[in-house]
2 protein chains.
Amino acid sequence: MREAYHDQLGELAEQLADMCGMVSDAMERATKALLDTDLALAEQVISDDSKVDDARASVEENAYALLALQAPVATDLRTVLAVIHAAESVERMGDLALHVAKAARRRHPNPVLPDQVRPDFASMGRIAVELAREAREVIRTQDVDKARSLEQADDEMDDLHRHLFSVIMDKEWPHGVASAVDITLLGRFYERFADHAVSVAKRTVFVVTGKMPGYSEDEDI
Amino acid sequence: MREAYHDQLGELAEQLADMCGMVSDAMERATKALLDTDLALAEQVISDDSKVDDARASVEENAYALLALQAPVATDLRTVLAVIHAAESVERMGDLALHVAKAARRRHPNPVLPDQVRPDFASMGRIAVELAREAREVIRTQDVDKARSLEQADDEMDDLHRHLFSVIMDKEWPHGVASAVDITLLGRFYERFADHAVSVAKRTVFVVTGKMPGYSEDEDI
(Lines give C-alpha, C1' and ligand atoms only; values in the text may rest on other atoms or scores of the structure.)
Protein backbone atom coordinates (compact mmCIF):
# COMPACT_ATOMS: atom_id res chain seq x y z
CA MET A 1 0.00 0.00 0.00
CA ARG A 2 2.67 2.51 1.00
CA GLU A 3 4.68 1.54 -2.05
CA ALA A 4 1.71 2.08 -4.36
CA TYR A 5 1.31 5.43 -2.67
CA HIS A 6 4.89 6.46 -3.37
CA ASP A 7 4.55 5.34 -6.97
CA GLN A 8 1.48 7.55 -7.31
CA LEU A 9 3.28 10.45 -5.69
CA GLY A 10 6.19 9.98 -8.08
CA GLU A 11 3.80 10.02 -11.04
CA LEU A 12 2.23 13.19 -9.72
CA ALA A 13 5.63 14.89 -9.51
CA GLU A 14 6.40 13.69 -13.03
CA GLN A 15 3.13 15.17 -14.31
CA LEU A 16 4.04 18.47 -12.69
CA ALA A 17 7.53 18.36 -14.21
CA ASP A 18 5.93 17.75 -17.63
CA MET A 19 3.73 20.80 -17.12
CA CYS A 20 6.86 22.88 -16.50
CA GLY A 21 8.23 21.58 -19.80
CA MET A 22 5.01 22.55 -21.58
CA VAL A 23 5.03 26.13 -20.29
CA SER A 24 8.72 26.60 -20.95
CA ASP A 25 8.12 25.53 -24.57
CA ALA A 26 5.10 27.85 -24.71
CA MET A 27 7.14 30.82 -23.48
CA GLU A 28 9.95 29.98 -25.89
CA ARG A 29 7.53 29.99 -28.84
CA ALA A 30 5.63 33.05 -27.61
CA THR A 31 8.89 34.99 -27.34
CA LYS A 32 9.91 33.88 -30.84
CA ALA A 33 6.46 34.90 -32.14
CA LEU A 34 6.92 38.29 -30.48
CA LEU A 35 10.44 38.89 -31.78
CA ASP A 36 9.87 37.51 -35.29
CA THR A 37 6.28 38.79 -35.73
CA ASP A 38 5.35 35.16 -36.42
CA LEU A 39 1.56 34.86 -36.43
CA ALA A 40 1.41 31.08 -36.98
CA LEU A 41 3.62 30.49 -33.97
CA ALA A 42 1.53 32.87 -31.85
CA GLU A 43 -1.62 30.99 -32.88
CA GLN A 44 0.00 27.71 -31.92
CA VAL A 45 0.81 28.95 -28.42
CA ILE A 46 -2.74 30.24 -28.07
CA SER A 47 -4.37 26.98 -29.11
CA ASP A 48 -1.94 24.84 -27.08
CA ASP A 49 -2.74 26.61 -23.82
CA SER A 50 -5.75 24.39 -23.19
CA LYS A 51 -3.36 21.43 -22.94
CA VAL A 52 -1.71 23.06 -19.94
CA ASP A 53 -5.12 23.67 -18.38
CA ASP A 54 -6.04 20.02 -18.96
CA ALA A 55 -2.76 18.85 -17.46
CA ARG A 56 -3.41 20.96 -14.40
CA ALA A 57 -6.91 19.55 -14.00
CA SER A 58 -5.47 16.05 -14.26
CA VAL A 59 -2.77 16.77 -11.64
CA GLU A 60 -5.42 18.14 -9.34
CA GLU A 61 -7.73 15.15 -9.81
CA ASN A 62 -4.89 12.71 -9.16
CA ALA A 63 -3.85 14.66 -6.09
CA TYR A 64 -7.43 14.62 -4.77
CA ALA A 65 -7.68 10.87 -5.38
CA LEU A 66 -4.42 10.34 -3.52
CA LEU A 67 -5.65 12.40 -0.56
CA ALA A 68 -9.02 10.67 -0.45
CA LEU A 69 -7.73 7.11 -0.82
CA GLN A 70 -4.46 7.25 1.08
CA ALA A 71 -5.08 10.02 3.62
CA PRO A 72 -1.39 10.87 3.84
CA VAL A 73 -0.05 12.74 6.87
CA ALA A 74 3.06 14.77 7.72
CA THR A 75 5.56 15.18 4.89
CA ASP A 76 3.50 13.11 2.46
CA LEU A 77 0.48 15.36 3.00
CA ARG A 78 2.60 18.47 2.51
CA THR A 79 4.05 17.01 -0.66
CA VAL A 80 0.64 16.45 -2.20
CA LEU A 81 -0.52 19.95 -1.24
CA ALA A 82 2.70 21.45 -2.57
CA VAL A 83 2.02 19.74 -5.89
CA ILE A 84 -1.52 21.18 -5.99
CA HIS A 85 -0.17 24.69 -5.30
CA ALA A 86 2.66 24.31 -7.78
CA ALA A 87 0.30 23.09 -10.51
CA GLU A 88 -1.71 26.29 -10.05
CA SER A 89 1.45 28.37 -10.46
CA VAL A 90 2.51 26.47 -13.57
CA GLU A 91 -0.92 26.88 -15.14
CA ARG A 92 -0.59 30.61 -14.49
CA MET A 93 2.82 30.54 -16.22
CA GLY A 94 1.02 29.07 -19.23
CA ASP A 95 -1.51 31.93 -19.12
CA LEU A 96 1.33 34.44 -19.12
CA ALA A 97 2.94 32.82 -22.18
CA LEU A 98 -0.52 32.97 -23.76
CA HIS A 99 -0.72 36.71 -23.03
CA VAL A 100 2.63 37.24 -24.77
CA ALA A 101 1.38 35.30 -27.81
CA LYS A 102 -1.86 37.30 -27.85
CA ALA A 103 0.08 40.57 -27.80
CA ALA A 104 2.06 39.35 -30.84
CA ARG A 105 -1.19 38.43 -32.61
CA ARG A 106 -2.96 41.68 -31.69
CA ARG A 107 -0.37 43.88 -33.40
CA HIS A 108 0.34 41.57 -36.36
CA PRO A 109 1.57 42.30 -39.04
CA ASN A 110 3.25 45.10 -37.13
CA PRO A 111 5.95 44.20 -34.64
CA VAL A 112 5.00 44.90 -31.01
CA LEU A 113 8.55 45.84 -30.03
CA PRO A 114 10.65 48.74 -31.24
CA ASP A 115 14.20 47.60 -32.09
CA GLN A 116 15.48 49.44 -29.04
CA VAL A 117 13.98 46.94 -26.57
CA ARG A 118 14.21 43.75 -28.63
CA PRO A 119 17.45 42.60 -26.95
CA ASP A 120 15.83 43.08 -23.52
CA PHE A 121 12.89 40.88 -24.45
CA ALA A 122 15.17 38.30 -26.04
CA SER A 123 17.00 38.12 -22.69
CA MET A 124 13.83 38.08 -20.62
CA GLY A 125 12.48 35.27 -22.81
CA ARG A 126 15.71 33.28 -22.47
CA ILE A 127 15.68 33.63 -18.67
CA ALA A 128 11.98 32.78 -18.40
CA VAL A 129 12.42 29.60 -20.45
CA GLU A 130 15.53 28.65 -18.48
CA LEU A 131 13.74 29.19 -15.15
CA ALA A 132 10.82 26.97 -16.15
CA ARG A 133 13.26 24.25 -17.28
CA GLU A 134 15.21 24.54 -14.05
CA ALA A 135 12.01 24.29 -12.03
CA ARG A 136 11.32 21.05 -13.94
CA GLU A 137 14.76 19.73 -12.98
CA VAL A 138 14.26 20.68 -9.34
CA ILE A 139 11.00 18.73 -9.27
CA ARG A 140 12.64 15.71 -10.89
CA THR A 141 15.87 15.72 -8.90
CA GLN A 142 14.74 17.47 -5.70
CA ASP A 143 18.08 19.24 -5.88
CA VAL A 144 17.86 21.95 -3.23
CA ASP A 145 20.99 23.78 -4.39
CA LYS A 146 19.62 24.04 -7.90
CA ALA A 147 16.43 25.54 -6.51
CA ARG A 148 18.49 28.26 -4.87
CA SER A 149 20.28 29.03 -8.12
CA LEU A 150 16.92 29.95 -9.64
CA GLU A 151 16.87 33.04 -7.51
CA GLN A 152 19.94 34.37 -9.26
CA ALA A 153 18.26 34.09 -12.64
CA ASP A 154 15.18 35.73 -11.15
CA ASP A 155 17.31 38.66 -9.94
CA GLU A 156 18.59 39.03 -13.48
CA MET A 157 14.97 39.14 -14.67
CA ASP A 158 14.13 41.84 -12.13
CA ASP A 159 17.12 43.91 -13.29
CA LEU A 160 15.99 43.65 -16.91
CA HIS A 161 12.46 44.57 -15.89
CA ARG A 162 13.69 47.67 -14.06
CA HIS A 163 15.92 48.60 -16.98
CA LEU A 164 12.94 48.36 -19.31
CA PHE A 165 11.03 50.86 -17.19
CA SER A 166 13.94 53.29 -17.25
CA VAL A 167 14.02 53.03 -21.06
CA ILE A 168 10.32 53.70 -21.64
CA MET A 169 10.06 56.33 -18.89
CA ASP A 170 12.95 58.27 -20.46
CA LYS A 171 11.88 61.67 -21.74
CA GLU A 172 13.52 60.85 -25.06
CA TRP A 173 11.39 57.71 -25.65
CA PRO A 174 10.38 58.16 -29.28
CA HIS A 175 7.84 55.37 -29.78
CA GLY A 176 4.78 56.85 -28.13
CA VAL A 177 2.36 55.82 -25.45
CA ALA A 178 0.72 52.80 -27.11
CA SER A 179 4.07 51.11 -27.51
CA ALA A 180 5.05 51.94 -23.91
CA VAL A 181 1.80 50.40 -22.67
CA ASP A 182 2.42 47.18 -24.61
CA ILE A 183 5.96 46.98 -23.26
CA THR A 184 4.80 47.65 -19.69
CA LEU A 185 2.37 44.75 -19.79
CA LEU A 186 4.76 42.42 -21.59
CA GLY A 187 7.51 43.20 -19.12
CA ARG A 188 5.16 42.33 -16.30
CA PHE A 189 4.17 39.03 -17.94
CA TYR A 190 7.80 37.89 -18.12
CA GLU A 191 8.56 39.03 -14.61
CA ARG A 192 5.51 37.24 -13.15
CA PHE A 193 6.37 34.09 -15.14
CA ALA A 194 9.80 34.11 -13.48
CA ASP A 195 8.30 34.69 -10.02
CA HIS A 196 6.02 31.70 -10.44
CA ALA A 197 8.90 29.48 -11.60
CA VAL A 198 10.85 30.43 -8.49
CA SER A 199 7.85 29.77 -6.27
CA VAL A 200 7.42 26.29 -7.80
CA ALA A 201 11.07 25.50 -7.08
CA LYS A 202 10.77 26.85 -3.54
CA ARG A 203 7.77 24.70 -2.80
CA THR A 204 9.84 21.72 -3.85
CA VAL A 205 12.60 22.81 -1.48
CA PHE A 206 10.02 23.09 1.24
CA VAL A 207 8.91 19.53 0.69
CA VAL A 208 12.50 18.26 0.79
CA THR A 209 13.76 20.33 3.73
CA GLY A 210 10.54 21.11 5.61
CA LYS A 211 11.50 24.80 5.52
CA MET A 212 10.09 27.39 3.17
CA PRO A 213 12.94 29.59 1.95
CA GLY A 214 12.54 33.36 2.44
CA TYR A 215 10.30 34.42 -0.33
CA SER A 216 8.78 37.63 -1.62
CA GLU A 217 5.95 36.88 -4.00
CA ASP A 218 6.20 39.87 -6.20
CA GLU A 219 8.39 42.78 -7.10
CA ASP A 220 7.38 46.29 -6.31
CA ILE A 221 6.27 47.04 -9.85
CA MET B 1 -15.70 13.61 16.06
CA ARG B 2 -17.63 14.56 12.92
CA GLU B 3 -19.20 17.44 14.75
CA ALA B 4 -15.84 18.72 15.91
CA TYR B 5 -14.77 18.42 12.31
CA HIS B 6 -17.64 20.54 11.05
CA ASP B 7 -16.95 23.12 13.73
CA GLN B 8 -13.35 23.30 12.57
CA LEU B 9 -14.45 23.59 8.96
CA GLY B 10 -16.82 26.39 9.91
CA GLU B 11 -14.00 28.22 11.68
CA LEU B 12 -11.81 27.81 8.63
CA ALA B 13 -14.50 29.35 6.41
CA GLU B 14 -14.91 32.19 8.90
CA GLN B 15 -11.14 32.84 8.84
CA LEU B 16 -11.29 32.99 5.06
CA ALA B 17 -14.26 35.37 5.18
CA ASP B 18 -12.30 37.60 7.58
CA MET B 19 -9.39 37.65 5.13
CA CYS B 20 -11.79 38.91 2.44
CA GLY B 21 -12.82 41.70 4.80
CA MET B 22 -9.16 42.60 5.40
CA VAL B 23 -8.31 42.89 1.70
CA SER B 24 -11.49 44.80 0.88
CA ASP B 25 -10.54 47.35 3.58
CA ALA B 26 -6.99 47.41 2.23
CA MET B 27 -8.22 48.12 -1.31
CA GLU B 28 -10.60 50.79 -0.04
CA ARG B 29 -7.76 52.58 1.78
CA ALA B 30 -5.30 52.11 -1.07
CA THR B 31 -7.77 53.66 -3.51
CA LYS B 32 -8.38 56.57 -1.15
CA ALA B 33 -4.61 57.02 -0.77
CA LEU B 34 -4.30 57.02 -4.55
CA LEU B 35 -7.12 59.50 -5.16
CA ASP B 36 -6.32 61.83 -2.24
CA THR B 37 -2.51 61.57 -2.46
CA ASP B 38 -2.63 60.47 1.18
CA LEU B 39 0.80 59.19 2.19
CA ALA B 40 -0.13 58.15 5.74
CA LEU B 41 -2.96 56.00 4.45
CA ALA B 42 -0.70 54.43 1.82
CA GLU B 43 1.85 53.61 4.53
CA GLN B 44 -0.87 52.02 6.63
CA VAL B 45 -1.93 49.72 3.80
CA ILE B 46 1.70 48.80 3.19
CA SER B 47 2.41 47.94 6.83
CA ASP B 48 -0.92 46.10 7.29
CA ASP B 49 -0.26 43.70 4.42
CA SER B 50 1.74 41.35 6.64
CA LYS B 51 -1.47 40.73 8.64
CA VAL B 52 -3.07 39.28 5.51
CA ASP B 53 -0.01 37.09 4.94
CA ASP B 54 -0.19 35.89 8.55
CA ALA B 55 -3.91 35.15 8.24
CA ARG B 56 -3.26 33.12 5.13
CA ALA B 57 -0.50 31.14 6.85
CA SER B 58 -2.88 30.46 9.70
CA VAL B 59 -5.68 29.30 7.37
CA GLU B 60 -3.24 27.01 5.64
CA GLU B 61 -1.93 25.53 8.90
CA ASN B 62 -5.46 24.91 10.17
CA ALA B 63 -6.43 23.32 6.87
CA TYR B 64 -3.38 21.05 7.01
CA ALA B 65 -4.20 20.05 10.57
CA LEU B 66 -7.75 19.26 9.54
CA LEU B 67 -6.57 17.11 6.64
CA ALA B 68 -3.98 15.30 8.74
CA LEU B 69 -6.22 14.62 11.76
CA GLN B 70 -9.59 14.05 10.13
CA ALA B 71 -8.65 12.71 6.68
CA PRO B 72 -11.86 14.02 5.12
CA VAL B 73 -13.09 12.53 1.85
CA ALA B 74 -15.52 13.54 -0.89
CA THR B 75 -17.14 16.97 -0.44
CA ASP B 76 -15.41 17.61 2.87
CA LEU B 77 -12.02 17.08 1.26
CA ARG B 78 -12.91 19.37 -1.63
CA THR B 79 -14.09 22.01 0.79
CA VAL B 80 -10.80 22.06 2.66
CA LEU B 81 -8.83 22.21 -0.59
CA ALA B 82 -11.09 24.97 -1.90
CA VAL B 83 -10.33 26.97 1.23
CA ILE B 84 -6.58 26.49 0.71
CA HIS B 85 -6.88 27.68 -2.90
CA ALA B 86 -9.14 30.57 -1.99
CA ALA B 87 -6.78 31.73 0.78
CA GLU B 88 -4.01 31.93 -1.81
CA SER B 89 -6.23 34.11 -4.05
CA VAL B 90 -7.19 36.39 -1.19
CA GLU B 91 -3.56 36.83 -0.15
CA ARG B 92 -2.84 37.82 -3.74
CA MET B 93 -5.67 40.37 -3.57
CA GLY B 94 -3.89 41.84 -0.56
CA ASP B 95 -0.67 42.06 -2.60
CA LEU B 96 -2.53 43.93 -5.33
CA ALA B 97 -3.93 46.46 -2.84
CA LEU B 98 -0.36 46.80 -1.57
CA HIS B 99 0.85 47.57 -5.11
CA VAL B 100 -1.75 50.33 -5.42
CA ALA B 101 -0.60 51.82 -2.11
CA LYS B 102 3.04 51.62 -3.19
CA ALA B 103 2.25 53.45 -6.42
CA ALA B 104 0.63 56.23 -4.37
CA ARG B 105 3.70 56.39 -2.12
CA ARG B 106 6.18 56.28 -5.01
CA ARG B 107 4.82 59.44 -6.66
CA HIS B 108 4.01 61.33 -3.43
CA PRO B 109 3.61 64.35 -3.07
CA ASN B 110 2.55 64.28 -6.71
CA PRO B 111 -0.73 62.61 -7.60
CA VAL B 112 -0.35 59.44 -9.68
CA LEU B 113 -3.53 60.06 -11.64
CA PRO B 114 -4.35 62.90 -14.01
CA ASP B 115 -7.84 64.31 -13.33
CA GLN B 116 -9.06 62.79 -16.56
CA VAL B 117 -8.93 59.19 -15.23
CA ARG B 118 -9.73 59.82 -11.55
CA PRO B 119 -13.43 58.92 -11.94
CA ASP B 120 -12.45 55.64 -13.63
CA PHE B 121 -10.23 54.67 -10.73
CA ALA B 122 -12.84 55.75 -8.19
CA SER B 123 -15.25 53.35 -9.92
CA MET B 124 -12.71 50.55 -10.22
CA GLY B 125 -11.91 50.95 -6.53
CA ARG B 126 -15.57 50.87 -5.59
CA ILE B 127 -16.21 47.73 -7.63
CA ALA B 128 -13.09 46.00 -6.30
CA VAL B 129 -14.08 46.68 -2.69
CA GLU B 130 -17.64 45.58 -3.36
CA LEU B 131 -16.47 42.34 -5.00
CA ALA B 132 -14.26 41.43 -2.05
CA ARG B 133 -17.16 42.12 0.35
CA GLU B 134 -19.51 40.04 -1.76
CA ALA B 135 -17.01 37.20 -1.84
CA ARG B 136 -17.00 37.38 1.97
CA GLU B 137 -20.79 37.11 2.02
CA VAL B 138 -20.75 34.17 -0.39
CA ILE B 139 -18.34 32.33 1.91
CA ARG B 140 -20.49 33.07 4.95
CA THR B 141 -23.87 32.36 3.40
CA GLN B 142 -22.90 29.90 0.65
CA ASP B 143 -25.41 31.80 -1.45
CA VAL B 144 -24.90 30.49 -4.97
CA ASP B 145 -27.01 33.19 -6.63
CA LYS B 146 -24.97 35.91 -4.99
CA ALA B 147 -21.82 34.26 -6.30
CA ARG B 148 -23.22 34.57 -9.82
CA SER B 149 -24.00 38.24 -9.32
CA LEU B 150 -20.28 38.85 -8.77
CA GLU B 151 -19.69 38.18 -12.43
CA GLN B 152 -21.77 41.18 -13.38
CA ALA B 153 -19.64 43.48 -11.28
CA ASP B 154 -16.57 41.85 -12.77
CA ASP B 155 -17.86 42.61 -16.29
CA GLU B 156 -18.23 46.23 -15.25
CA MET B 157 -14.62 46.17 -14.10
CA ASP B 158 -13.50 44.75 -17.43
CA ASP B 159 -15.40 47.49 -19.28
CA LEU B 160 -13.72 50.17 -17.18
CA HIS B 161 -10.37 48.53 -17.76
CA ARG B 162 -10.87 48.54 -21.53
CA HIS B 163 -12.10 52.13 -21.42
CA LEU B 164 -8.95 53.12 -19.57
CA PHE B 165 -6.82 51.67 -22.36
CA SER B 166 -8.75 53.56 -24.98
CA VAL B 167 -8.16 56.79 -23.04
CA ILE B 168 -4.40 56.40 -22.62
CA MET B 169 -3.87 54.96 -26.11
CA ASP B 170 -5.66 57.97 -27.64
CA LYS B 171 -3.36 60.06 -29.81
CA GLU B 172 -4.47 63.13 -27.88
CA TRP B 173 -3.36 61.74 -24.49
CA PRO B 174 -1.56 64.77 -23.01
CA HIS B 175 0.03 63.31 -19.87
CA GLY B 176 3.02 61.53 -21.33
CA VAL B 177 4.42 58.03 -21.20
CA ALA B 178 5.33 57.78 -17.51
CA SER B 179 1.77 58.51 -16.50
CA ALA B 180 0.40 56.03 -19.05
CA VAL B 181 2.70 53.34 -17.67
CA ASP B 182 1.50 53.98 -14.10
CA ILE B 183 -2.11 53.82 -15.22
CA THR B 184 -1.53 50.64 -17.21
CA LEU B 185 -0.14 48.84 -14.18
CA LEU B 186 -2.73 50.24 -11.78
CA GLY B 187 -5.54 49.25 -14.12
CA ARG B 188 -4.18 45.75 -14.21
CA PHE B 189 -3.96 45.57 -10.40
CA TYR B 190 -7.66 46.42 -10.03
CA GLU B 191 -8.68 44.06 -12.77
CA ARG B 192 -6.70 41.16 -11.31
CA PHE B 193 -8.09 41.92 -7.83
CA ALA B 194 -11.60 41.55 -9.26
CA ASP B 195 -10.69 38.32 -11.07
CA HIS B 196 -9.43 36.81 -7.83
CA ALA B 197 -12.59 37.85 -5.93
CA VAL B 198 -14.71 36.12 -8.57
CA SER B 199 -12.54 33.02 -8.41
CA VAL B 200 -12.93 32.86 -4.62
CA ALA B 201 -16.72 33.07 -4.96
CA LYS B 202 -16.71 30.44 -7.71
CA ARG B 203 -14.72 28.03 -5.60
CA THR B 204 -17.38 28.41 -2.93
CA VAL B 205 -20.09 27.64 -5.49
CA PHE B 206 -18.12 24.60 -6.49
CA VAL B 207 -18.09 23.35 -2.93
CA VAL B 208 -21.85 23.87 -2.58
CA THR B 209 -22.92 22.54 -5.96
CA GLY B 210 -20.08 20.20 -6.86
CA LYS B 211 -19.79 22.00 -10.20
CA MET B 212 -17.20 24.59 -11.10
CA PRO B 213 -18.94 27.40 -13.02
CA GLY B 214 -17.49 28.30 -16.43
CA TYR B 215 -14.53 30.42 -15.68
CA SER B 216 -11.86 32.30 -17.56
CA GLU B 217 -9.04 33.23 -15.24
CA ASP B 218 -7.91 36.37 -16.89
CA GLU B 219 -8.85 38.94 -19.45
CA ASP B 220 -6.96 39.28 -22.64
CA ILE B 221 -4.99 42.27 -21.46
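Residues numbered from 1 in each chain as written. Chains lettered and ligands numbered in written order. Predicted model: local features only at pLDDT ≥ 70, side-chain atom pairs only at ≥ 80, totals over all residues. Heavy atoms only, no water.

Asks: Explanation requested: the overall build of chain A in the structure shown.
Replies: What chain A contains, in helices and strands, is 6 helices and 0 strands. For chain A, the sequential pattern of α-helices and β-strands runs α-α-α-α-α-α. Computed over C-alpha atoms, the radius of gyration of chain A comes to 19 Å, within 12% of the 17 Å expected from 2.2 N^0.38 for 221 residues, which places it in the range of a compact globule. Across its three principal directions, the C-alpha atoms of chain A cover 65 × 35 × 20 Å. Going through the 221 residues of chain A one by one, you find that 56% of them count as buried. Residue pairs at least 24 apart in sequence account for 81% of intrachain contacts in chain A once pairs closer than 6 positions are excluded. As displayed, chain A has an accessible area near 9,000 Å², and 49% of this comes from carbon and sulfur atoms. The distance from the centre of the 25 positive side-chain charges to the centre of the 42 negative ones in chain A is 1 Å. (Helix = DSSP H or I, 4+ residues; strand = E, 2+ residues; numbered from the N terminus. Rg over C-alpha atoms; globule rule 2.2 N^0.38 Å. Buried < 20%, exposed > 50% of the residue type's maximum accessible area, 1.4 Å probe, protein only. Contact = heavy atoms within 4.5 Å. Areas by Shrake-Rupley, 256 points an atom, 1.4 Å probe, with all protein chains shown as cover. Lys, Arg positive; Asp, Glu negative; His and termini not counted. Charge placed at Lys NZ, Arg CZ, Asp CG, Glu CD.)

Asks: What is the right way to read the pattern of salt bridges from this model?
Replies: Opposite charge on two side chains permits them to pair, given that their charged atoms come into close proximity. Residue and element names in this part refer to chain B. This structure, assessed with the given rule, holds 42 salt bridges over all chains. Of the charged contacts in the structure, one is a salt bridge between Glu-91 and Arg-56, with a shortest N-O distance of 2.2 Å. A residue pair is termed long-range when its members are at least 10 positions apart, and Glu-91 in helix H3 (residues 74-107) and Arg-56 in helix H2 (residues 39-70) qualify at 35 residues. Taking relative accessible area as the criterion, Glu-91 reaches 14% and is therefore assigned buried. The partner of Glu-137 in a salt bridge is Arg-136, with the nearest N and O atoms 3.8 Å apart. (Salt bridge = Lys/Arg side-chain N within 4 Å of Asp/Glu carboxyl O.)

Asks: Explanation requested: the relation of the copies chain A and chain B in the structure shown.
Replies: Two copies of a chain can be linked by a rotation about an axis combined with a shift along that same axis. For the pair chain A and chain B, the relating rotation is 180°, the translation along its axis is 0.0 Å, and the fit reaches an RMSD of 0.0 Å. Taken together, the rotation angle and the small translation identify this as a two-fold axis. Comparing interface residues between copies, 100% of those in chain A also sit at the interface in chain B, which points to an isologous, same-surface contact. (Least-squares fit on C-alpha atoms with pLDDT ≥ 70 in both.)

Asks: How should the UniProt feature "domain: PhoU" (unreviewed entry) in chain A be read in this particular structure?
Replies: Look at the UniProt record and you will see "domain: PhoU" (unreviewed entry) annotated at residues 17-103 and 122-204 of chain A. Counted over residues 17-103 of chain A, helix gives 94% and strand 0%. Its end C-alpha atoms are 27 Å apart. (UniProt positions renumbered as here; feature names shortened; annotations may be inferred.)

Asks: Please clarify how the packing of aromatic side chains should be interpreted in this entry.
Replies: Note on aromatic pairs: each is described by the distance of the centres and the angle between the planes. Residue and element names in this part refer to chain A. If you walk through the whole model with that rule in mind, you get 2 aromatic pairs over all chains. Taking the centre distance of 5.7 Å and the plane angle of 65° together, the rings of Phe-121 and Tyr-190 count as edge-to-face. In this pair, Phe-121 is assigned in helix H4 (residues 118-141) and Tyr-190 in helix H6 (residues 176-209), connecting sequence segments 69 residues apart. Comparing Phe-121 with Tyr-190, the two get one shared label, buried. (Phe/Tyr/Trp six-rings, centres within 6.5 Å; stacked < 30°, edge-to-face > 60°.)

Asks: Before we go on, may I ask you to explain the interface of chain A and chain B in this structure?
Replies: Between chain A and chain B, the residue contacts involve 41 residues of the former and 41 residues of the latter. When chain A packs against chain B, close to 3,500 Å² is buried across both sides, 61% of that on carbon and sulfur atoms. Our count for the chain A to chain B interface comes out at 2 salt bridges. A salt bridge links Glu-61 of chain A to Arg-78 of chain B; the nearest nitrogen and oxygen atoms lie 3.3 Å apart. For the pair chain A and chain B, the interface holds 6 residue pairs in polar contact (both at pLDDT 80 or more). For the side of chain A that touches chain B, the secondary structure elements donating two or more residues are helix H2 (39-70), helix H3 (74-107), helix H5 (144-169) and H6 of chain A. Here the side of chain A that touches chain B is built from residues that sort into 19 nonpolar, 4 polar and 18 charged. (Buried area = accessible area lost by both parts, 1.4 Å probe. Polar contact = N/O pair within 3.5 Å; in protein donor to acceptor, adjacent residues only side chain to side chain. Nonpolar A, V, L, I, M, F, W, Y, C, P; charged D, E, K, R; others polar.)

Asks: Sorry, what's going on with H4 of chain A here?
Replies: Residues separated by three or four positions in an α-helix point in the same direction, a consequence of the helix having 3.6 residues per turn. Along its 24 residues, H4 of chain A runs 34 Å from first to last C-alpha, staying within 8% of the 34 Å computed at 1.5 Å per residue. Of the residues flanking the end of H4 of chain A, it is Gln-142 of chain A, one or two places downstream, whose phi is positive at about 50°. (Expected span 1.5 Å × (residues − 1).)

Asks: Sorry, what's going on with the packing of H3 of chain A against H3 of chain B here?
Replies: Working note: a packed helix pair is described by the angle between its axes plus the distance between those axes. Contact geometry of H3 of chain A with H3 of chain B gives a least axis separation of 12 Å together with a crossing angle of 45°. For the element pair H3 of chain A / H3 of chain B, the angle class is oblique. Handedness of the crossing formed by H3 of chain A with H3 of chain B: right-handed. Between H3 of chain A and H3 of chain B, the contacting residues are Leu-81, Ile-84, His-85 and Glu-88 of chain A on the first element and Leu-81, Ile-84, His-85 and Glu-88 of chain B on the second. Residue composition of the contact of H3 of chain A with H3 of chain B, by class: 4 nonpolar, 2 polar and 2 charged. (Axes fitted to C-alpha atoms, helices over the stretch in contact; angles between N-to-C directions. Parallel < 35°, antiparallel > 145°, perpendicular 65-115°, else oblique. Left-handed = near helix turned anticlockwise from the far one by under 90°.)

Asks: For this particular structure, what's the right way to read the environment of Val-177 of chain A?
Replies: All names here are of chain A. Assignment of secondary structure puts Val-177 in helix H6. Overall, Val-177 belongs to the buried group, its relative accessible area being 15%. Expressed as a C-alpha distance, the spacing of Val-177 and Val-59, which sit 118 residues apart in the sequence, is 42 Å.

Asks: Help me understand the confidence of the model for chain A in this model?
Replies: Detailed reading of the predicted model is not advised wherever pLDDT is low. With 93% of its residues at a pLDDT of 70 or more, chain A has an overall mean of 91. Within the model, the stretch residues 215-221 of chain A combines pLDDT values under 50 with 27 contacts to residues more than four positions away or in other chains. (pLDDT = per-residue confidence, 0-100.)

Asks: Looking at this structure, how should I read the environment of Ser-24 of chain B?
Replies: All names here are of chain B. Of note, Ser-24 is situated in helix H1 (residues 2-36). Considering only alpha carbons, one finds Ser-24 and Glu-60, 36 residues apart in sequence, at a separation of 20 Å. Filtering out sequence-adjacent residues up to four positions away, Ser-24 remains in contact with Val-129, Ala-132 and Arg-133.

Asks: When you look at the nonpolar core in this model, what are you seeing that I'm missing?
Replies: Side chains of a nonpolar character, in soluble globular proteins, are inclined to be buried together. Judged by nonpolar contacts, the single largest core of 160 residues is most densely connected at Phe-121 of chain A together with Phe-121 of chain B. With near-sequence residues (within four places) excluded, Phe-121 of chain B lies in contact with Thr-31, Leu-34, Leu-35, Leu-113, Leu-164, Ile-183, Leu-186, Gly-187 and Tyr-190 of chain B. (Core = buried A, V, L, I, M, F, W, Y, C linked by side-chain atoms within 4.5 Å.)

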